[in-house]
Amino acid sequence: INIESKRICASRETRDFDVAACIVKVLRVSRNKSLAYLTDESGLVLKLFRDHKDHAVDPFSLGAAQTGPVVTAFLDVQISSFDTSEQCAVGDWTLLTCKTNRMMQIRCEELQTWCKSPQGIKFCCDVVNRIDSMIPLCIEPFIEKKVCVGYFL
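Remember, it's a predicted structure, so these values are computed and weren't measured experimentally.

(A) Spatial organisation of the packing of helix α2 (residues 105-116) against helix α3 (residues 118-133). Packing of α2 against α3 brings their axes to within 4 Å, and their N-to-C directions diverge by 85°. Taken together, α2 and α3 sit at an angle that is classed as roughly perpendicular. Each of Trp114, Cys115 and Lys116 in α2 lies in contact with α3, whose residues at this interface are Pro118, Gly120, Ile121, Phe123 and Cys124.

(B) Structural view of the pairing of strand β5 (residues 88-92). The element β5 is largely enclosed, with a buried count of four among its five residues. As paired elements, strand β3 (residues 45-51) and β5 share four bridges and run parallel to each other. Looking across to β5, one finds that Phe49 is bridged to Asp92. Bridge count between strand β4 (residues 70-83) and β5: four bridges; the pairing is antiparallel. Residue pairing for β5: Ile79 is matched across the bridge by Gly91.

(C) Structural detail: the side chain of Thr97. Tracing the chain through its elements places Thr97 in the loop between β5 and β6 (98-99). Among the polar contacts made by the side chain of Thr97, one reaches the main-chain carbonyl oxygen of Asp76 at a distance of 2.7 Å. Within the structure, the side chain of Thr97 is placed 2.9 Å from the backbone nitrogen of Thr94, a separation counted as a polar contact. Setting aside its immediate chain neighbours within four residues, Thr97 contacts Phe74, Leu75, Asp76, Val77 and Asp92.

(D) Inspection of unusual backbone geometry at higher detail. One non-glycine residue with positive phi stands out, namely Asp76, at about 60°. Note on placement: Asp76 falls in strand β4. Even without glycine at this site, Gln87 takes up a positive phi of about 55°. Within the element layout of this structure, Gln87 appears in the loop between β4 and β5. On the basis of relative accessibility, which here comes to 33%, the residue Gln87 falls in the partly exposed class.

(E) Region of the structure containing the packing of aromatic side chains. Evaluated as defined, the whole model comprises two aromatic pairs. Summarising the aromatic geometry, the rings of Trp114 and Phe123 are spaced 5.5 Å apart at their centres and angled 65° between planes, so their arrangement reads as edge-to-face. Per residue, the accessibility class of Trp114 equals that of Phe123, and both read buried. Positioned above the aromatic ring of Trp93 is the side chain of Arg50, whose terminal nitrogen or guanidinium carbon lies 3.8 Å from the ring centre.

(F) Structural context of the pattern of salt bridges. Tallied over the entire structure, the rule returns eight salt bridges. Between Glu41 and Arg107 there is a salt bridge whose closest N-O contact spans 2.6 Å. Highlighted residues: Glu41 in the loop between β2 (33-39) and β3 and Arg107 in helix α2, separated in sequence by 66 residues. The burial state of Glu41 is the same as that of Arg107; both residues are buried. Note that Arg107 and Glu110 form a salt bridge whose closest N and O atoms lie 3.1 Å from each other. Pair noted here: Arg107 and Glu110 are both in helix α2, with a separation of three residues, about one helical turn. In this structure Arg107 comes out as buried when scored by relative accessible area, which is 8%. A network of salt bridges, in which partner residues are shared, links Asp40, Glu41, Arg107 and Glu110.

Thresholds, definitions, all that
Residues numbered from 1 in each chain as written. Predicted model: local features only at pLDDT ≥ 70, side-chain atom pairs only at ≥ 80, totals over all residues. Heavy atoms only, no water. Axes fitted to C-alpha atoms, helices over the stretch in contact; angles between N-to-C directions. Helix = DSSP H or I, 4+ residues; strand = E, 2+ residues; numbered from the N terminus. Parallel < 35°, antiparallel > 145°, perpendicular 65-115°, else oblique. Contact = heavy atoms within 4.5 Å. Buried < 20%, exposed > 50% of the residue type's maximum accessible area, 1.4 Å probe, protein only. Pairing = 2+ DSSP bridges. Polar contact = N/O pair within 3.5 Å; in protein donor to acceptor, adjacent residues only side chain to side chain. Phe/Tyr/Trp six-rings, centres within 6.5 Å; stacked < 30°, edge-to-face > 60°. Lys NZ or Arg CZ within 6 Å of the ring centre and 35° of its normal. Salt bridge = Lys/Arg side-chain N within 4 Å of Asp/Glu carboxyl O.

So, in structure tokens, the structure goes:
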């Protein structure tokens, strides 16, 4: 998704992707807009924006107050141009976007195991700290073939 986001930046197009990832941070940008930062074992980050009503308490449908990263999957997230200041891909929740764990159940289970591990918890905390510090995000090297924010690597 990061590579596609960089290509989109040059061409001014958008594309839809399915994403399974850990939501590590949710922020309210304005009364009607929120954003979520998503990541996985690769360390690549997707910044997902969603427009909503004023009274939306849980714009990304995460359920009751969650502590730590939350694993979820979204269908048809519209990827737009790469954010060069935060060094991450940017996505928008559209009318076609929906939350689902059924379509990517195996991947969600892998991510859940990783997110709950000591290594995953530390890694997600490091990503949040980089976001809060406005330090450009960096990726970790990995050896196995994995689905990383929508692609096999």
